[in-house]
Amino acid sequence: MPDRQRTDDTNDAVADGQDPSPEAGNEAARRRRRAQFLRELHEAKALRDRVQPRRARAERMRQAVRMRTFRW
């Protein structure tokens, strides 16, 4: 697995030479942290599915039942 750099550093939120509002920097940093979290969550779920195939299959079946009973 390749090494990843941490993306939660708020100092890199905006390019040099710009002076946007502090909220824009916070929002950009929040989006980067969220993207990183979602990538790691997806990776962890994929690993769990490979390690415990029976449990993963049961979860897929439960999800299918939930989707069939859901009313649009």
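Scroll up to find the structure this text is about.
Note that the coordinates shown come from a computational prediction; the quantities given were computed from them, not determined experimentally.

Chemist: Whenever I open this one, the overall build of the chain confuses me. Can you help?
Modeler: Scanning the chain from terminus to terminus reveals two helices and zero strands. For the chain, the exposed area adds up to about 7,100 Å²; of that, 52% sits on carbon and sulfur atoms.

Chemist: How should a nonpolar patch on the surface be read in this particular structure?
Modeler: There is a patch of nonpolar side chains on the surface, built from Phe 37, Leu 38 and Leu 41 and spanning about 260 Å² of accessible area. In this structure, Leu 41 sits in helix 1 (residues 22-51).

Chemist: In this structure, what is going on with the pattern of salt bridges? I would like to understand it.
Modeler: Here the idea is simple: oppositely charged side chains can pair when their charged atoms come close. Counted by the stated rule, this structure contains four salt bridges. A salt bridge links Arg 31 to Glu 27; its shortest N-O distance comes to 3.3 Å. On the criterion of helical spacing, the pair formed by Arg 31 and Glu 27 is a turn pair, its members being four residues apart in helix 1. Here Glu 59 makes a salt bridge to Arg 62, at a shortest N to O gap of 2.9 Å. Within this pair, Glu 59 and its partner Arg 62 are both found in helix 2 (residues 53-69), separated by three residues, close to a single helical turn. The class of Glu 59 is partly exposed, set by a relative accessible area of 33%. For Arg 62, a relative accessible area of 43% translates into the label partly exposed. Through salt bridges with shared partners, a single network forms among Glu 27, Arg 30 and Arg 31.

Chemist: Explain the side chain of Gln 36 to me, please; I cannot follow it from the model alone.
Modeler: Within the element layout of this structure, Gln 36 appears in helix 1. The class of Gln 36 is buried, set by a relative accessible area of 12%. Separated by 2.7 Å, the side chains of Gln 36 and Glu 40 make a polar contact.

Thresholds, definitions, all that
Residues numbered from 1 in each chain as written. Predicted model: local features only at pLDDT ≥ 70, side-chain atom pairs only at ≥ 80, totals over all residues. Heavy atoms only, no water. Helix = DSSP H or I, 4+ residues; strand = E, 2+ residues; numbered from the N terminus. Areas by Shrake-Rupley, 256 points an atom, 1.4 Å probe, with all protein chains shown as cover. Patch = residues over 30% accessible without salt bridge, like charges linked within 9 Å, V, L, I, M, F, W, Y side chains within 5 Å. Salt bridge = Lys/Arg side-chain N within 4 Å of Asp/Glu carboxyl O. Buried < 20%, exposed > 50% of the residue type's maximum accessible area, 1.4 Å probe, protein only. Polar contact = N/O pair within 3.5 Å; in protein donor to acceptor, adjacent residues only side chain to side chain.

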